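Structure at a glance
What follows is each chain in one-letter form.
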Amino acid sequence: MDTPNRRRIFLRHAVAAGTAVLTSRVAAQGAPKLQENDPQAMALGYKEDTTKADKAKFPKHDPSQKCSNCQFYLGKPTDAMGPCSVFGGKQVAANGWCSTWVKKAA
Ligand code: SF4
């Protein structure tokens, strides 16, 4: 049964969830840029340019792997920079890369 009350409750939850996602994205867009010399960035081999990734340290790296096609990238693929959930929402380069890269689900 789909009563008007159930629909109202469902819609309220859907709106609340959407607002939470939007709020976190807006907050993340004001986040600072991740620096390559940040200790966590260095530990994960982050580079602003994927072609500059350390081949010796990360032999499985491929230049086609970029933040913009990573599962943890929260920006739009067309943005030059976007927040990364691995680095607490700090801005990473769309063309960047780190060893946590995971292909974004299609
Ligand atoms: S986790 Fe993904 S989006 Fe974040 S810096 Fe690494 S490759 Fe880029």
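As a starting point, this report considers the structure included with it. (Residues numbered from 1 in each chain as written. Predicted model: local features only at pLDDT ≥ 70, side-chain atom pairs only at ≥ 80, totals over all residues. Heavy atoms only, no water.)

1. Quick word on the overall build of the protein chain
Our working rule: Each helix is a run of DSSP H or I of at least 4 residues and each strand a run of E of at least 2, with the numbering of both proceeding from the N terminus. The buried label goes to any residue with under 20% of its type's maximum accessible area, the exposed label to any with over 50%, and the partly exposed label to all in between, with areas taken from a 1.4 Å probe on protein chains only. We call two residues in contact whenever any of their non-hydrogen atoms come within 4.5 Å of each other. Residue-level accessible areas treat just the shown protein chains as cover; the underlying method is Shrake-Rupley with a 1.4 Å probe.
Check the secondary structure of the protein chain and you find two helices and two strands. Put simply, the protein chain runs from its N terminus to its C terminus through helices and strands in the order α-α-β-β. Looking at the protein chain as a whole, 27% of its 106 residues are labelled buried. Sequence-distant contacts, at least 24 apart, represent 56% of the contacts inside the protein chain between residues at least 6 apart. For the protein chain, the accessible surface area stands at approximately 7100 Å², while carbon and sulfur atoms represent 61% of it.

2. Quick word on the site of the ligand
Under the convention used in this document: Near is defined per residue: the residue qualifies when any heavy atom it owns lies within 4 Å of the molecule or strand. Of the two site types, the cavity is a set of points on a 1 Å grid over the protein atoms alone where a 1.4 Å probe fits but cannot get out, and the pocket is an open set with protein on both sides within 12 Å along at least five of seven lines, each lined by residues with an atom within 4 Å of a point. Grid points define the cavity or pocket, and a molecule sits in it when more than half of its atoms lie within 2 Å of them. Residue polarity is assigned by list, with Asp, Glu, Lys and Arg as charged and Ala, Val, Leu, Ile, Met, Phe, Trp, Tyr, Cys and Pro as nonpolar; anything else, Gly included, falls into the polar class.
Near the ligand the following residues occur: Tyr 46, Cys 67, Cys 70, Phe 72, Tyr 73, Cys 84, Val 86, Phe 87, Val 92, Cys 98, Thr 100 and Trp 101. When atoms are counted within 2 Å of each cavity's grid points, the one that captures over half of the ligand is the largest cavity. The class makeup of the residues in the shell around the ligand is eleven nonpolar, one polar and no charged.

3. Notes on the packing of aromatic side chains
Applied cut-off: Two aromatic rings, drawn from Phe, Tyr or Trp (for Trp, its six-membered ring), form a pair once their centres lie within 6.5 Å of each other, and the interplanar angle then sorts them: stacked below 30 degrees, edge-to-face above 60, tilted otherwise.
If you walk through the whole model with that rule in mind, you get two aromatic pairs. Ring plane angle 70 degrees and centroid distance 5.3 Å describe the contact between Phe 58 and Trp 97, whose orientation is recorded as edge-to-face. Residue Phe 58 is found in the loop between helix H2 (39-43) and strand S1 (81-83), and its partner Trp 97 is found in the segment after strand S2 (91-93); the two are separated by 39 residues along the sequence. When sorted by exposure, Phe 58 lands in the same class as Trp 97, which is buried.

4. Digging into empty space enclosed by the protein
Note the cut-off: Grid points are joined across faces, edges and corners, and a volume is the space filled by probe spheres set on the points.
Evaluated as defined, the whole model comprises one cavity of 30 Å³ or more. Taken together, Cys 67, Cys 70, Phe 72, Tyr 73, Cys 84, Val 86, Phe 87, Val 92, Cys 98, Thr 100 and Trp 101 form the lining of the largest cavity. When its residues are assigned to classes, the lining of the largest cavity shows ten nonpolar, one polar and no charged.

5. Some points on the pattern of salt bridges
Just so we agree on the cut-off: Any Lys or Arg side-chain nitrogen located within 4 Å of an Asp or Glu carboxyl oxygen qualifies as a salt bridge.
Inspection of every chain in the model, using the stated rule, returns three salt bridges. Asp 38 is the partner of Lys 90 in a salt bridge, and the nearest nitrogen-oxygen pair spans 3.2 Å. Placement of the pair is Lys 90 in the loop between S1 and S2 and Asp 38 in the loop between helix H1 (4-29) and H2, with a sequence separation of 52 residues. Exposure remark for Lys 90: the relative accessible area of 27% places this residue in the partly exposed category. Judged by relative accessible area, Asp 38 falls into the buried class, the value being 16%.

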